[in-house]
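Chain by chain, the residues run as shown.
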Amino acid sequence: MEELPYTEQMEHAFRGVHGFGYSEVRNSHDLRMKVELRRQRDHEKSVQLVAKIYAQAFRG
């Protein structure tokens, strides 16, 4: 699989969100797991929020 180019802006944004850079994540399984668990939690919260909004919008 071809690796995508990673820009300095992307590195800065990643560091701002996660507290460490992408280059660090590439070399650490523990950091990768931390990022993926956070992404999973965020996704689950988003799905719950959409379901709640949808239910409120279509209450009869």
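Rules and cut-offs
Residues numbered from 1 in each chain as written. Predicted model: local features only at pLDDT ≥ 70, side-chain atom pairs only at ≥ 80, totals over all residues. Heavy atoms only, no water. Phe/Tyr/Trp six-rings, centres within 6.5 Å; stacked < 30°, edge-to-face > 60°. Helix = DSSP H or I, 4+ residues; strand = E, 2+ residues; numbered from the N terminus. Buried < 20%, exposed > 50% of the residue type's maximum accessible area, 1.4 Å probe, protein only. pLDDT = per-residue confidence, 0-100.

Caption draft 1: The packing of aromatic side chains, seen in detail. Per the counting criterion, the structure on display carries four aromatic pairs. Consider the rings of Tyr 6 and Tyr 22, whose centres lie 4.2 Å apart with planes at 20 degrees: the pair is stacked. With Tyr 6 in the segment before helix H1 (8-18) and Tyr 22 in helix H2 (residues 22-26), this pair connects stretches of sequence that are 16 residues apart. A relative accessible area of 32% places Tyr 6 in the partly exposed class. With a relative accessible area of 27%, Tyr 22 lands in the partly exposed category. Here the aromatic residues Tyr 6, Phe 14, Phe 20 and Tyr 22 are joined through ring pairs into a cluster of three or more.

Caption draft 2: Spotlight on the confidence of the model for the chain. On average, residues of the chain score 89 in pLDDT, and 95% of them reach the 70 mark or higher. Confidence, expressed as mean pLDDT per element, reaches its minimum in the chain at H2 with 87 and its maximum at helix H3 (residues 29-57) with 95.

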